[in-house]
Amino acid sequence: MRLVICHLYPDIMNLYGDRGNVIALDRRARWHGLEPVVVPVSLGDAPDFEKFDLIFMGGGQDREQGLITADLLQAKGPGIKAAVEAGVPLLAICGAYQLLGHYYRTFAGEVLPGLGLFDVRTEAGPTRIIGDVLAESKLSGESRTLVGFENHSGRTFLGPGAVPLGRVLVGGGNNGRDGTEGAVYRNALGTYLHGSLLPKNPWLADYLLGRAVERRRGGVRLARLDDALEDMAHRAAAPGAARRRGGGGGLLGFF
Amino acid sequence: MQGGLWLAVLAGKAAIRVCRLLGWGGSTLPGRVARRVHRGVLRGLASQCRRGTVLISGTNGKTTTTAMLSAILSRAGLSLVHNRTGANLVVGLAAAFVEGADLLGRLRADVGLCEVDEASVPAAVRELSPGVALVTNFFRDQLDRYGELAHSVAAVRRGLELLPEGATAVLNADDPLVAGLGRGLNRPVVYFGLEEAGPGTGAGFETADIRHCLQCGAELRYEQVYYAHLGRYSCPGCGLVRPQPQVLARDVQPRGTRGSDLVLVHPGGSLRLKLPLPGRFSVYNALAAASAALSLGVDPGEVVPGLEGFSPWFGRMESIGLSGRRAFFTLVKNPSGFNQVIDMVLGDEEPKPLLIAINDLLADGQDVSWLWDVDFERLAGAAPAIPVVVASGIRAADLAVRLKYAGLGPSRLAVEPDLGRALKLGLERVPPGGTLYVLPTYTAMLGLRRLIHRGGFARPFWEAGRAARARAGDAGAGGGGGRGGGGG
Ligand SMILES: [Zn+2]
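All values reported here derive from a predicted model rather than from experimental measurement.

(A) Here's a closer look at the nonpolar core. If you look at the biggest cluster of nonpolar residues, it comprises 100 residues, and the most contacted ones within it are A:L3, A:L90 and B:F376. Element by element, the count of residues in this core is highest for helix α5 (residues 202-217) of chain A, at eight residues. If near-sequence neighbours (up to four positions away) are discounted, A:L3 is found in contact with A:A29, A:L34, A:E35, A:P36, A:V37, A:D53, A:L54, A:L209, A:A212 and A:V213. In this structure, B:A46, B:V121, B:V125 and B:V135 belong to the second largest nonpolar core, which totals 54 residues.

The following block contains the structure:
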């Protein structure tokens, strides 16, 4: 089965190795016996988003986000929203997660509108939240851990229409206060975790691939892959997070 | 023409500024914009080089050869324009020349140096009308299927046939595929090659996939094999013989990872050269650069200081004697630096066992996400050149996953977080007298050095006593704890 992965703004939105998520989706899809095709979609492109099986968008810095905002909201927004309503899985990391919320309010009070796909809003914070993250997620029905690296100054707060992706065990998460990390709406996921996220959390990669396959074929379960190395990387990242928390407030103000 | 050229340069320069502001390194936008404004922008600018342009092609060594030639020409007081190989050749060349021009569309350069992929040679020759065209060697790309090599050779041949009157071809005499290009070529040819005593090492010949004459299909006969299919050969079928090189290296004495001493023979005499880069392929690259410089009319006396002063971009190297085996260190800390190290590692065909050690302490950068922006796919694709990678350090597993997803199979990948055990594991894969290439982040480098200087961690493996002398390479290994990472 062909599996078409849309990589949004790959030339502009790629921070902290976010492209590793697309590499992971592509390779794992192949190992599952699917035929993945990665389609880069950037400024000025106007594809039919419902034809995609999966949508990915990585993070960017302020300037890069500014560059794509108009194109994202006007040219692509309605198509992306319709695709998510139709059940297309989507993963948005960091800046992309913020852009898919209602708005980002800068420190000066300026409100930069977002797509409103997730019922979340983001306020600029006084310091950056930086460090390893360990979170617990029940997304797949059972309790699994997520590991990653966060680096953001925005504080994101969930509205009633958003469910957190996980609960933070170590790290800052959405806002450093309420213990939530990321957001889920239908099959769309937003998160602050870099790392890259999916290679170190293979269960999440397979969750997204599984949802994509299910939408086309229904009720198909993906086989288990040999994830010995991935699990080792997952474990190596997790105690690091604990170590740093124990090291005393090392998460904030790194810069 | 001048008005269009001027506008194209202005537009291209504006696009370069925009790309810089946006952090789009290596974007094709400036070249595309300039060519959209004026299609002849590249031709118009290239023709302004006072001493002409040099085209450099071939499978391996393009980048190093170009850098060496650039060192020689700069030493000789010539100003240069220089491209980097990229996806779209003509567009990339246009961007490089636009960048080198002033706001009035005038190029103030003596020589244009253009690295060109084999398939693009005909188009590049048409646009550049180069005064010198240099071909380093032909090897089969690991990813290519059988038959594409002949395709590359044919493309380069078509390009050479388009060379303008007065141009010179500079060809590797020891590579039958390259030397064959000189046969029947209606332009003067300068051949370069090695002169080694004895039968040659024969290294790599068993895996050489080019043993047959491209022109007639007969099996080539070798008097000496220098490396893979490079050597002193002749073809019993069509009479192709290795041409006598006009520029050659004699009495090559390797100085380990510090480089080689050799005698550089040229039509006007011979010169002693202490080449600061190790490996036989560096000798070939130096010969190629010297031949091109001489063809441009550079005084032979300028060639040696240019090459001896050549400082490779991949500084921070140390080699530490480990009883016959050596460890060759180069610090890695971010994607672009790492990608350059990969260029270096794949710059010649010698097999290189690698030890990569990734720590995530403060001085290394605590975020290892940047590993996903390194082109490890290129290492994975080069199976004979990279027989094994030992992944080590605190984040050995992250690195191992990255390598797995880059396509490195389990038989070529070893995971050992402990630095001492990883070093031992790596050295066990190195033949006596060979070199282990060690690519650590900052604190991993400190840890490995401490282990080596202490010398006792694997005493049964390398004889005691020698390790104490291993301090030779203890250069300061500059570079404080620059944090890696793709942005701020
Ligand atoms: Zn023949």
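Don't stop here, the text continues.
(B) Focus on the packing of helix α1 (residues 19-31) of chain A against helix α13 (residues 396-406) of chain B. Their axes nearest at 10 Å, the elements α1(A) and α13(B) cross at an angle of 60 degrees. Here α1(A) lies oblique to α13(B), going by the angle between them. Once α1(A) is placed against α13(B), the crossing between them reads as left-handed. Contacts from A:R19, A:I23, A:A24, A:R27, A:R28 and A:W31 of α1(A) reach α13(B) at B:R402, B:K404 and B:Y405. A breakdown of the residues in the contact of α1(A) with α13(B) according to their chemical character gives four nonpolar, no polar and five charged.

(C) Quick look at the coordination of the zinc ion. Residues and elements named next belong to chain B. Here the zinc ion is held by the protein donor atoms C213 (SG), C216 (SG), C235 (SG) and C238 (SG), which lie 2.2 to 2.4 Å from it. One can describe the donor arrangement at the zinc ion as tetrahedral, given that its four donor atoms subtend angles of 94 to 116 degrees at the metal. Between the donor residues of the zinc ion, the gaps in sequence give the motif C-x2-C-x18-C-x2-C. Here C213, found in the loop between β6 (189-195) and β7 (221-227), pairs with C238, found in the loop between β8 (230-234) and β9 (247-254); they are 25 residues apart in sequence, far enough to count as distant.

(D) Expanded view of the layout of surface pockets. All names here are of chain A. As a volume, the second largest pocket reaches approximately 760 Å³. Secondary structure elements with two or more residues in the lining of the second largest pocket: β8 (144-158), α5 and α6 (228-246). Looking at the lining of the second largest pocket element by element, the count peaks at seven residues for α5. Among the residues forming the lining of the second largest pocket, the class breakdown is eight nonpolar, six polar and 10 charged.

(E) Looking closely at the packing of aromatic side chains. Residues and elements named next belong to chain A. Counted under the stated rule, the structure contains nine aromatic pairs over all chains. With centroids separated by 5.9 Å and ring planes inclined at 80 degrees, the aromatic side chains of Y97 and F118 adopt a geometry described as edge-to-face. One end of the pair, Y97, is in helix α3 (residues 95-99); the other, F118, is in the loop between β6 (111-113) and β7 (120-137), with 21 residues separating them in the sequence. Judged by its relative accessible area of 0%, Y97 is buried. Given a relative accessible area of 0%, F118 falls into the buried group.

(F) Molecular detail of the confidence of the model for chain A. With 93% of its residues at a pLDDT of at least 70, chain A reaches an overall mean of 89. Low pLDDT, under 50, characterises residues 244-255 of chain A; the stretch is placed with 26 contacts to residues that sit more than four places away or in other chains.

(G) The packing of helix α5 (residues 89-100) of chain B against helix α6 (residues 121-128) of chain B, seen in detail. All names here are of chain B. Close contact between α5 and α6 brings their axes to 10 Å; oriented N to C, the two are set at 35 degrees. Crossing of α5 over α6 shows right-handed handedness. Residues L89, V90, L93 and F97 of α5 lie in contact with α6, whose contacting residues are A123, A124, E127 and L128. By residue class, the composition of the contact of α5 with α6 is seven nonpolar, no polar and one charged.

(H) Summary view of helix α14 (residues 419-428) of chain B. Residue and element names in this part refer to chain B. Every buried residue belonging to α14 is among L419, G420, A422, L423, G426 and L427, and all of these are buried. For α14, the arc enclosing every buried residue in end-on projection is 160 degrees, short of the 170-degree limit, so these residues lie on one face. At the N-terminal end of α14, a side-chain oxygen is found 3.2 Å from the backbone nitrogen of G420, two or three residues along, and the residue is D418.

(I) Summary view of the interface of chain A and chain B. Listed as interface residues are 36 residues of chain A and, on the opposing side, 30 residues of chain B. Summing both sides of the interface, chain A and chain B together bury roughly 2900 Å²; the carbon and sulfur share of this comes to 56%. Applying the counting criterion to the chain A and chain B interface returns five salt bridges. Here A:R19 makes a salt bridge to B:D373, at a shortest N to O gap of 3.5 Å. At the surface where chain A touches chain B, the tally comes to 10 residue pairs in polar contact (both at pLDDT 80 or more). Residue contributions to the side of chain A that touches chain B peak at eight residues, all from α6(A). By residue class, the composition of the side of chain A that touches chain B is 16 nonpolar, seven polar and 13 charged.

Cut-offs and rules
Residues numbered from 1 in each chain as written. Chains lettered and ligands numbered in written order. Predicted model: local features only at pLDDT ≥ 70, side-chain atom pairs only at ≥ 80, totals over all residues. Heavy atoms only, no water. Core = buried A, V, L, I, M, F, W, Y, C linked by side-chain atoms within 4.5 Å. Buried < 20%, exposed > 50% of the residue type's maximum accessible area, 1.4 Å probe, protein only. Helix = DSSP H or I, 4+ residues; strand = E, 2+ residues; numbered from the N terminus. Contact = heavy atoms within 4.5 Å. Axes fitted to C-alpha atoms, helices over the stretch in contact; angles between N-to-C directions. Parallel < 35°, antiparallel > 145°, perpendicular 65-115°, else oblique. Left-handed = near helix turned anticlockwise from the far one by under 90°. Nonpolar A, V, L, I, M, F, W, Y, C, P; charged D, E, K, R; others polar. Donors = N, O, S within 2.8 Å, 3.2 Å for Na, K, Ca; no water. Tetrahedral: all angles 85-135°; square planar, octahedral: opposite > 155°, others 65-115°. 1 Å grid on protein atoms, 1.4 Å probe; cavity = no way out; pocket = protein on both sides within 12 Å on 5 of 7 lines; lining within 4 Å. Points joined across faces, edges and corners; volume = space filled by probe spheres on them. Phe/Tyr/Trp six-rings, centres within 6.5 Å; stacked < 30°, edge-to-face > 60°. pLDDT = per-residue confidence, 0-100. Arc of directions from axis to C-beta. Polar contact = N/O pair within 3.5 Å; in protein donor to acceptor, adjacent residues only side chain to side chain. Buried area = accessible area lost by both parts, 1.4 Å probe. Salt bridge = Lys/Arg side-chain N within 4 Å of Asp/Glu carboxyl O.

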